[in-house]
Amino acid sequence: METLRSAAGRLPGALFCALVLFLLEGSVVYQAYAVDVEVKDASNETCLFGKWIMNISITYETEHNEYKNTVLTFPEHVTYDGSSCDNEISGPVLAIEFGEGHSWNISFTKTNDTYQGIISFTYNTNDTALFPDAKMKGPITTSTNYPLHPVDLDTVFICQNGDFIESGSVIQNFRNVILEAFLPSGNLSNQKTVCDKDAVVTPEPPAPDTTSTNTTSITNTTSITNTTSITNYTTVEANATMLSRSISQPEEIPATGTYSVKNDTEICLLATMGLQLNMAKTLMNINPNTTKASGHCGNTSSILTLTDTSIVVDFTFALKNTSIERFYLKAVDVTVTNPVNGTQFAGSDNLTFWEASLGNSYMCRKKTNLIVTPSCSLNVFNLRIQPFQVQNGQFSIAEDCIPEVDYFFVPIMVGASLAGLIALVLMAYFVGRKTRHNAGYEQF
């Protein structure tokens, strides 16, 4: 266990705007809010402290027997009815209700040495704003453990680099997590346990804002004392200027790296690519020599996470339910951690790029550009990706995005052919006219 300098003492709560996702298809804007709460008992002692940013990706079947993806986030207005410290063994519980029949609960249990939460998430497909054409109507509940592994008692669970859990057709994505249950004497511990991703790359967690007066506290009787104000999360545009002071502009295209994800001992996802991040006109090459690959392989979705020092890029792939099953790039998330400005996050969902038949790989030698937000994009070079059904650790047959030919070659050839045809017609016309003219002279 490590000393958590920035978490000593109690952290104040706040509920604030955390990120904006600009969807490429249409002009819809989603806002997600960070959870920042303390659950207190009747004596006003904290039994649960939680702080994180999250969104929930849900795949559902439509009335046309197709599958779509929707992203659900906690809105500005939520209720905490049912939250309590409960008793010493089976509590505490954080219960969040929002929207049209949606709820998200996490309840904690402990052993002699550890504690762990169980998430119960219910989404209601009668919500036509999120599920406009859902085939199955009504509430659907999934449950899973979080954190994924039990956490030592009297330690804070930290996960700054992002974490996700998958249950059925639901993927819950967490970032910037600071969490502790069963707090001794109501105070946050000065010891920490980190998630698997932070164990690979462990940037210092952001220092708590000890000057903030915004609090969201929940007492054991579930009454809420809430003086929370909504404040804008520092945008990528504002922070990128500071990043440019410490990251130089690359002069060459990035080197191509080879990355893989394993399911136990077998490679289940394989990728080669060169990556260049363009954040507010500041270019940053992803160095394959210092980049670690991690992720997850599922039956209907797979995730590739590339971590290069202070940059984390998540690629989420999904399947299309068509007559011939095909995969595609569904979402891209980018996180940049800077010692001056903390963490900047940009994400885009509902993408439909890099599509190929299931069992094949997708290849694109030409430079492609993925727009994450108006101020954040990824330049991708020499791409080859296979997120499903990798056999013997090797790529399957590739489906090429665009053959390596000049875009202007075909129109130039067509134009040249037309010009040649016109020249032949004109030549035939003048030859014929001259022949008739000479024949006229011969008649005299």
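These numbers come from a predicted model, not from an experiment.

**What to know about the overall build of the protein**
Part 1 of the argument: A count of helical and extended segments in the protein gives 3 helices and 29 strands.
Part 2 of the argument: Across the 444 residues of the protein, 48% fall into the buried class.
Part 3 of the argument: Look at the contacts in the protein between residues 6 or more apart in sequence, and 59% of them connect residues 24 or more apart.

**Looking at the state of the cysteines**
Part 1 of the argument: A full pass over the atoms with the stated rule returns 4 disulfides.
Part 2 of the argument: Sulfur-sulfur distance for the disulfide between Cys268 and Cys297 comes to 2.0 Å. Disulfide Cys268-Cys297: the torsion about the S-S bond is 80 degrees, which places it as right-handed. Of this pair, Cys268 sits in strand 18 (residues 266-279) while Cys297 sits in strand 20 (residues 291-297), placing them 29 residues apart in sequence.
Part 3 of the argument: For the protein, the disulfide bridges join cysteines in the arrangement 1-2, 3-4, 5-6, 7-8, where the cysteines are counted in sequence order.

**Focus on the sheet that holds strand 8 (residues 102-110)**
Part 1 of the argument: Taken in spatial order, the 4 strands make up an open sheet running 7-8-9-10, and their pairing is antiparallel. The strands lining the two open edges of the sheet, one partner per strand, are strand 7 (93-98) and strand 10 (139-152). Strand-to-strand twist in this sheet, taken as the mean axis angle between neighbours without regard to direction, amounts to 10 degrees.
Part 2 of the argument: Strand direction decides the pairing type here: strand 7 and strand 8, joined by 6 bridges, are antiparallel.

**A short note on the packing of aromatic side chains**
Part 1 of the argument: Scanning the entire structure with this criterion turns up 12 aromatic pairs.
Part 2 of the argument: For the ring pair Phe327 and Phe388, a centre distance of 6.3 Å and an interplane angle of 50 degrees mean the geometry is tilted. Here Phe327, found in strand 23 (residues 326-338), pairs with Phe388, found in the loop between strand 28 (376-386) and strand 29 (398-400); they are 61 residues apart in sequence, far enough to count as distant. No difference in accessibility class separates Phe327 from Phe388, as the two residues are buried.
Part 3 of the argument: Among the aromatic side chains, those forming a connected cluster through ring pairs are Trp52, Trp104, Tyr146, Phe157 and Phe174.
Part 4 of the argument: Sitting over the ring of Tyr328, Lys320 keeps its end group 5.4 Å from the ring centre.

**Remarks on the pattern of salt bridges**
Part 1 of the argument: Inspection of every chain in the model, using the stated rule, returns 8 salt bridges.
Part 2 of the argument: Here Glu355 and Lys320 are joined by a salt bridge, their closest N and O atoms 2.9 Å apart. A residue pair is termed long-range when its members are at least 10 positions apart, and Glu355 in strand 25 (residues 353-357) and Lys320 in strand 22 (residues 311-320) qualify at 35 residues.
Part 3 of the argument: By relative accessible area, which is 26% here, Glu355 ends up partly exposed.

**A short note on a nonpolar patch on the surface**
Part 1 of the argument: On the surface, Ile422, Leu426, Tyr429 and Phe430 cluster together into a nonpolar patch covering about 430 Å² of accessible area.
Part 2 of the argument: With respect to the helices, strands and loops of the structure, Phe430 is situated in helix 3 (residues 409-443).

**A few points about the side chain of Thr122**
Part 1 of the argument: Structurally, Thr122 is set in strand 9 (residues 114-124).
Part 2 of the argument: Reaching out from Thr122, the side chain makes a polar contact with the side chain of Thr141 at a distance of 2.7 Å.
Part 3 of the argument: Non-local contacts of Thr122, meaning those with residues more than four positions away in its chain, are made with Gly101, His102, Ser103, Pro139, Ile140 and Thr141.

**Considering unusual backbone geometry**
Part 1 of the argument: In this structure, Pro147 follows Tyr146 across a cis peptide bond, with omega equal to -5 degrees.
Part 2 of the argument: If you trace the backbone, Pro147 turns up in strand 10.
Part 3 of the argument: One non-glycine residue, Asp154, lies in the positive phi region at around 60 degrees.
Part 4 of the argument: As for its position among the elements, Asp154 is in the loop between strand 10 and strand 11 (156-159).
Part 5 of the argument: Residue classification places Asp154 among the partly exposed residues on the basis of a relative accessible area of 39%.

**Side note on the nonpolar core**
It is characteristic of soluble globular proteins that their nonpolar side chains tend to be buried jointly.
Part 1 of the argument: Grouped together as the largest cluster of nonpolar side chains are 40 residues, with contacts concentrated most on Trp52, Leu94, Ile96, Trp104, Phe121, Phe157 and Phe174.
Part 2 of the argument: Those elements giving two or more residues to this core turn out to be strand 4 (35-40), strand 5 (46-61), strand 7, strand 8, strand 9, strand 10, strand 11 and strand 13 (170-181).
Part 3 of the argument: It is strand 5 that provides the largest number of residues to this core, a total of 7 residues.
Part 4 of the argument: Residues Cys268, Tyr362, Cys364 and Leu370 belong to the second largest nonpolar core, which totals 38 residues.

**Focus on the confidence of the model for the protein**
Part 1 of the argument: On average, residues of the protein carry a pLDDT of 75, and 71% of them reach 70 or more.
Part 2 of the argument: Taking the mean pLDDT of every element in the protein, the minimum, 26, falls on strand 2 (residues 17-22) and the maximum, 94, on strand 26 (residues 361-364).
Part 3 of the argument: In this model residues 201-215 is a low-confidence stretch, pLDDT under 50, and it forms 29 contacts with partners more than four residues away in sequence or in other chains.
Part 4 of the argument: In the model, residues 404-410 has pLDDT below 50 throughout and makes 5 contacts with residues more than four positions away in sequence or in other chains.

The rules behind the values
- Residues numbered from 1 in each chain as written.
- Predicted model: local features only at pLDDT ≥ 70, side-chain atom pairs only at ≥ 80, totals over all residues.
- Heavy atoms only, no water.
- Helix = DSSP H or I, 4+ residues; strand = E, 2+ residues; numbered from the N terminus.
- Buried < 20%, exposed > 50% of the residue type's maximum accessible area, 1.4 Å probe, protein only.
- Contact = heavy atoms within 4.5 Å.
- Disulfide = S-S within 2.5 Å.
- Pairing = 2+ DSSP bridges.
- Axes fitted to C-alpha atoms, helices over the stretch in contact; angles between N-to-C directions.
- Phe/Tyr/Trp six-rings, centres within 6.5 Å; stacked < 30°, edge-to-face > 60°.
- Lys NZ or Arg CZ within 6 Å of the ring centre and 35° of its normal.
- Salt bridge = Lys/Arg side-chain N within 4 Å of Asp/Glu carboxyl O.
- Patch = residues over 30% accessible without salt bridge, like charges linked within 9 Å, V, L, I, M, F, W, Y side chains within 5 Å.
- Areas by Shrake-Rupley, 256 points an atom, 1.4 Å probe, with all protein chains shown as cover.
- Polar contact = N/O pair within 3.5 Å; in protein donor to acceptor, adjacent residues only side chain to side chain.
- Core = buried A, V, L, I, M, F, W, Y, C linked by side-chain atoms within 4.5 Å.
- pLDDT = per-residue confidence, 0-100.

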